[in-house]
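This is what each chain is made of:
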Amino acid sequence: MPRRNTAFLFDLDGTLVDSVYQHVLAWKEALDAEGIDLSVWRIHRRIGMSGGLFTRVLLRETGLEISEERRQRLYDTHAEAFNRLHAQGAVKPLPGARELLAYLTEQDLPWAIATSGQLRTAIHNLDALGVDPAKVPVVTRDQVRHAKPDPDLFLAAAERLGVDIHHAVVVGDSVWDMLAAQRARAIGVGLLSGGYGEDELARAGALRVYEDPADMLKRIDEIAARA
């Protein structure tokens, strides 16, 4: 019996688009606007998890009470700051990102994007990649109950593709992506382009770790099952 083609479920920020540090700066601006003092390195360590979990962790680390109104202001200020950075040309696709997606399409290997960002920030990154959500399955935080490290985003993306999650490879740049892949019972592949180290990604469940999309494309035969 022929083997099923591998399906690929991609995170967006830091995996296909070089935008992790812009998100860090945008969150820093939002927190500063609310008078919340949190070091940049602590913010970076939380990028990739859901905004709701991010604010819960923030509450634990600072001991502050965060009302729903304040939480919404944080989301809005972050989105405004990130979109401003994007408009300034600070956010670009990572090396090999467009080529990797084009290769998968040419080889009839299904792929989708699952991001913990809301559509209002993700849409700009999709435009930068040349990805049309009307043609490619894209699942954002707005469409699922829980985001990473819960598996909902990747489960929804697999469903949109019509594939079994057990035949899917989750590609991400953070430990939160790899934990979500583990919980979804998918194969996790990590990229170093988000700032996490190889050991951290491997400990979180990454079967393979590559530098960036270009490096992954060079070694795609290590993970892509052929029909």
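Being a predicted model, the structure only gives us computed values, none of them experimental.

Q: Can you help me understand helix H7 (residues 152-161) in this one?
A: What H7 keeps buried is the set Leu153, Phe154, Ala156, Ala157 and Ala158. Contacts from the buried residues of H7 go to strand S1 (7-10), strand S4 (111-114), strand S5 (138-139), strand S6 (168-172) and helix H8 (175-184). Following H7 by one or two positions, glycine 162 adopts a phi angle in the positive range, close to 75°.

Q: Hey, could you run me through the side chain of arginine 46 in this one?
A: In this structure, arginine 46 sits in the loop between helix H2 (40-44) and helix H3 (51-62). We classify arginine 46 as buried; its relative accessible area is 19%. Not counting residues up to four positions away in its chain, the partners in contact with arginine 46 are Phe54, Val57, Glu61, Trp176 and Tyr196.

Q: Would you take a moment to explain the pairing of strand S8 (residues 206-210) for this structure?
A: Note on strand geometry: in a regular strand, side chains alternate between the two faces of the sheet. Relative to S8, strand S7 (residues 187-191) is paired through 4 bridges, and the arrangement is parallel. Considered in S8, the bridge of leucine 191 is made with tyrosine 210. The parallel pair S7 and S8, bridged by helix H9 (residues 198-203), forms a crossover whose chirality is right-handed.

Q: It is not clear to me how the nonpolar core should be interpreted in this structure. Could you clarify?
A: Among soluble globular proteins, nonpolar side chains are generally buried collectively. Grouped together as the largest cluster of nonpolar side chains are 31 residues, with contacts concentrated most on Phe8, Phe10, Leu16, Trp111, Ile113, Val131 and Met216. Elements supplying a minimum of two residues to this core: S1, helix H4 (68-87), helix H5 (97-106), S4, helix H6 (119-129), S6 and S7. Counting residues per element, this core draws most heavily on H5, which supplies 4 residues. If near-sequence neighbours (up to four positions away) are discounted, isoleucine 113 is found in contact with Phe10, Leu12, Leu16, Leu126, Leu129, Val131, Pro137, Val138 and Val139. Ala30, Ile36, Val175 and Trp176 belong to the second largest nonpolar core, which has 24 residues in total.

Q: In this structure, what is going on with the packing of aromatic side chains? I would like to understand it.
A: To describe a pair of aromatic rings, you give the distance between the ring centres and the angle between the ring planes. Taken as a whole and assessed by the stated rule, the structure comprises 2 aromatic pairs. Taking 6.2 Å as the distance between ring centres and 20° as the angle between the ring planes, the aromatic pair formed by phenylalanine 8 and phenylalanine 10 counts as stacked. By relative accessible area, phenylalanine 8 is classed as buried at 0%.

Q: I keep staring at the sheet that holds S1 and nothing clicks. Help me out?
A: Whether parallel or antiparallel, the strands of a sheet pair through hydrogen bonds between backbone atoms. Taken together, the 6 strands give an open sheet; going across it, the order is S5-S4-S1-S6-S7-S8, and neighbouring strands pair in parallel fashion. Each edge of the sheet is formed by a strand with only one pairing partner; in this case those strands are S5 and S8. Of the pairings in the sheet, the one linking S1 to S4 comprises 3 bridges and is parallel in character. Across the sheet, the residue bridging to phenylalanine 10 is isoleucine 113, located in S4.

Q: What exactly am I supposed to notice about the packing of H4 against H6 here?
A: The relative placement of two packed helices comes down to the angle between their axes together with the axis-to-axis distance. At their nearest, the axes of H4 and H6 sit 9 Å apart, and the two run at 20° to each other. As the angle between them shows, H4 and H6 are arranged roughly parallel. Of the two possible hands of crossing, H4 and H6 adopt the one that is left-handed. In this structure, H4 contributes Gln72, Tyr75, Asp76, Ala79, Phe82, Asn83 and His86 to the contact, and H6 contributes Arg120, Thr121, His124, Asn125 and Ala128.

Q: Can you walk me through the pairing of S7 in this structure?
A: Taken across its 5 residues, S7 has 4 buried, putting it largely inside the fold. In terms of strand pairing, S6 meets S7 through 4 bridges, oriented parallel. Across the sheet, the residue bridging to valine 171 is valine 189, located in S7. One crossover worth recording links S6 to the parallel S7 by way of H8, and it is right-handed.

Q: Where do I start with the side chain of lysine 28 in this structure?
A: Within the element layout of this structure, lysine 28 appears in helix H1 (residues 20-33). With sequence-adjacent residues up to four places away left out, lysine 28 is seen in contact with Asp37, Leu38, Val40 and Ile43.

Q: How should the pattern of salt bridges be read in this particular structure?
A: Where charged atoms from two side chains of opposite charge come close, those side chains can pair. Evaluation of the coordinates by the stated rule reveals 12 salt bridges. Between glutamate 68 and arginine 71 there is a salt bridge, with the nearest N and O atoms lying 3.3 Å from each other. Taken together, the residues span about one helical turn, with glutamate 68 and arginine 71 both in helix H4 at a distance of 3 residues. In this structure glutamate 68 comes out as exposed when scored by relative accessible area, which is 52%. Judged by relative accessible area, arginine 71 falls into the buried class, the value being 18%. Between aspartate 76 and arginine 120 there is a salt bridge, with the nearest N and O atoms lying 3.0 Å from each other. Residue aspartate 76 is located in helix H4, and its partner arginine 120 is located in helix H6; the two are separated by 44 residues in the primary sequence. Because the salt bridges share partners, they merge into one network encompassing Glu34, Glu69, Arg70 and Arg73.

Reading the values: the criteria
- Residues numbered from 1 in each chain as written.
- Predicted model: local features only at pLDDT ≥ 70, side-chain atom pairs only at ≥ 80, totals over all residues.
- Heavy atoms only, no water.
- Buried < 20%, exposed > 50% of the residue type's maximum accessible area, 1.4 Å probe, protein only.
- Helix = DSSP H or I, 4+ residues; strand = E, 2+ residues; numbered from the N terminus.
- Contact = heavy atoms within 4.5 Å.
- Pairing = 2+ DSSP bridges.
- Right-handed = clockwise from strand over helix to strand, strands pointing away.
- Core = buried A, V, L, I, M, F, W, Y, C linked by side-chain atoms within 4.5 Å.
- Phe/Tyr/Trp six-rings, centres within 6.5 Å; stacked < 30°, edge-to-face > 60°.
- Axes fitted to C-alpha atoms, helices over the stretch in contact; angles between N-to-C directions.
- Parallel < 35°, antiparallel > 145°, perpendicular 65-115°, else oblique.
- Left-handed = near helix turned anticlockwise from the far one by under 90°.
- Salt bridge = Lys/Arg side-chain N within 4 Å of Asp/Glu carboxyl O.

By themselves, these are just geometric observations and shouldn't be taken as functional.
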